[in-house]
Amino acid sequence: MFKDITLGQYYPTGSVIHQLDPRTKINFTLVYIVLLFVVNNPVGYLIAIGILALVIALSKIPFVYIARGLKPLIFIIVLTFILNMFMTPGQVLWQWKALHITREGLKLSIFMALRLTLLVAGTSIMTLATSPMDLTDGMEAGMSVIPGLKRVAHDLAMMMSIALRFIPTLMEETDKIMKAQKARGADFETGNIIDRAKALIPILVPLFVSAFRRADELATAMEARCYRGGSGRTRMYVLAYAKRDAIAYIVLAAMTAAMIGSRFIQYPWPFPFG
Amino acid sequence: MSLKIEHLDHVYAQNSPFEFKALDDVNVELENGHFIALIGHTGSGKSTLIQHLNGLIEPTSGTVYLNGVDIFNQSKEDLVKTRFSVGLVFQYPEHQLFEETVAKDVAFGPKNLKLSEEEIQERVKWAIEMVGLDYEKMKDVSPFELSGGQMRRVAIAGVLAMKPEVLILDEPTAGLDPHGRDTILGQIEKLHKATGNTVILVSHSMEDVGRYADRILVMYKGKAVYYDTPTVVFRHVDELEKMGLAVPEVKYLMRALKKRYPEIDDDIFTVEAAKAEIERVFGGERDV
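Keep in mind it's a predicted model, so treat the numbers as computed, not measured.

Colleague: Mind showing me how you'd approach the overall build of chain A here?
Modeller: Counting its regular elements, chain A contains 11 helices and 2 strands. Mapped in sequence order, the helices and strands of chain A form the string α-α-α-α-α-β-β-α-α-α-α-α-α. In summary, chain A has a C-alpha radius of gyration of 23 Å against a globular reference of 19 Å for 274 residues, an excess of more than 25%. Its C-alpha atoms give chain A principal-axis dimensions of roughly 70 × 55 × 35 Å. Within chain A, the fraction of its 274 residues that count as buried is 22%. The contacts in chain A between residues at least 6 apart in sequence include a share of 74% that link residues at least 24 apart.

Colleague: Mind showing me how you'd approach the sheet that holds strand S5 (residues 69-70) of chain B here?
Modeller: For sheets, the rule is that strands pair by backbone hydrogen bonds, running either parallel or antiparallel. Residue and element names in this part refer to chain B. Within the open sheet, the 4 strands sit side by side as S2-S1-S4-S5. Their pairing is antiparallel. The outermost strands of the open sheet, each flanked by one partner alone, are strand S2 (20-31) and S5. Direction of pairing for strand S1 (residues 2-12) relative to S2: antiparallel, over a ladder of 8 bridges. Following the sheet pairing, Ser 2 is matched in S2 by Glu 31.

Colleague: Looking at this structure, I do not really get the sheet that holds strand S7 (residues 166-170) of chain B. What am I missing?
Modeller: Residues and elements named next belong to chain B. Within the open sheet, the 6 strands sit side by side as S6-S7-S8-S3-S9-S10. Their pairing is mixed. The open sheet terminates on both sides in strands that have one partner only, identified here as strand S6 (86-89) and strand S10 (223-228). Across the sheet, the mean angle from the axis of one strand to that of its neighbour is 15 degrees, orientation sign disregarded. Relative to strand S8 (residues 198-202), strand S3 (residues 35-40) is paired through 4 bridges, and the arrangement is parallel. Across the sheet, residue Phe 35 finds its bridge partner in S8, namely Val 199.

Colleague: Got a minute to help me understand the pairing of S3(B) in this structure?
Modeller: Here is the key point about a regular strand: its side chains alternate between the two faces of the sheet. Residue and element names in this part refer to chain B. Summarising burial for S3: 5 of the 6 residues are buried, a large majority. Where S3 and strand S9 (residues 215-220) come together, 5 bridges link them in parallel fashion. Bridge pairing in S9 links Ile 36 to Arg 215.

Colleague: Explain the UniProt feature "domain: ABC transporter" (unreviewed entry) in chain B here, please?
Modeller: In the numbering adopted here, UniProt assigns the feature "domain: ABC transporter" (unreviewed entry) to residues 3-246 of chain B. For residues 3-246 of chain B, the end-to-end C-alpha separation is 27 Å, with 39% helix and 25% strand making up the annotated structure.

Reading guide: rules and limits
- Residues numbered from 1 in each chain as written.
- Chains lettered and ligands numbered in written order.
- Predicted model: local features only at pLDDT ≥ 70, side-chain atom pairs only at ≥ 80, totals over all residues.
- Helix = DSSP H or I, 4+ residues; strand = E, 2+ residues; numbered from the N terminus.
- Rg over C-alpha atoms; globule rule 2.2 N^0.38 Å.
- Buried ≥ 20, exposed ≤ 12 C-beta atoms within 10 Å, placed from the backbone.
- Contact = placed C-beta atoms within 7 Å.
- Pairing = 2+ DSSP bridges.
- Axes fitted to C-alpha atoms, helices over the stretch in contact; angles between N-to-C directions.
- UniProt positions renumbered as here; feature names shortened; annotations may be inferred.

Printed below as a string of structure tokens:
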């Protein structure tokens, strides 16, 4: 059931992408996401695809693993594709009764589908190649530079890292409880929507009980080790930029320039749909 | 009538960096009516194996036959019936309680069996009493108000109420005090003697294994290494130790005694049998 969710999962390979400073990876991903919405032409998308392919190749994470993360989103991607294709007004290419496909619609739907795919693939490659610990360290560093967030940056990061840490634990717990109830003949797969909702009670009640118990135990364990929030805490591992981070930022700058630039260049050749 | 396990393989997270072979060509036939102890070091595949026995997880290859029927090659409805025939009590079963009252929680299994209301009530009462609790006192109590040991027993009653032919318990005494442990194991033994059903008990306590089981199945690195009577299995002291296991303390004592007194029989692993044997060899009751 949960096998398909790759978002928030870490896939260790020790590659150069994994070794990058988490701040670099977060900045890179944020800029990449923004650029995906700036780009409006095939050249820009080709650059975006190329950069993503390069990162995937460098990360040594099998492509199927990233593709698996896209699987749950296929429905949304197909839906946006179809809606954009049929609902956009413009120069009609094909018509059948009330349905029509326009030049603009075709372009928009292809771009939107690409945008969504790259968005999900780009963010999942970051989480796959960054350990949860690194990720929260990076987020804490990132939030600290925002005025107003500085004071709570540590607490937010700690909450986030605990939440991330407990995703697999709670999934495992859910799986265990489901199995235990299945062993008592519970049926989660058949019946109408009300039956199925009712069938969730034997899972949700024990899951909540266990989540509260775990939270309580964790709080006690943290207090027992004198945890008292962020002020004055020093770190065991201090984030430090290396040469590879400088290279990554150069690539980032070049990519940004190229992708924004692709909007303004007059192309000497015509696109199939411009 | 048996549970027959044939060439059972199970690989977790296949084709990922976390790939792990939990079961490796397990072949064993568990005849009905035995009290079987399943022992093995942590990670030896015990929990994975028992989840195959009632079809909760599917094997990577190989299969399990329950009374001659391939449980992984049948309709969904029949698979659910298999789960009623092979009752599985997970580790820390108290974590699966969810109903408002003890009686309602125990009734969950029988209700899924679609039994009549009277039959359900009867079974609930029987199961709660079977685990040594007072039905009248317990039935309207919220399971979340009970002590840990009582919650554990209510959860076990929830599986007993389905009256399974084969009862599997995954470390039912983990985290209980000695009294709670003896109560639960004693009730299980009583049930086994009364109904003659198969019991499979996963345990780390060799003392409990020696005391209750009449068959032992030893798992090591995903393989079923031994399946025999405790007498025979406990003869492999050195091999068991290499697998990170042990034999009951009494067995060590009898082995040490045999080195000094060769006439002593060292196929003994319970205190009572040891006492009888020592009295036989050293001539009866003496004040020590």
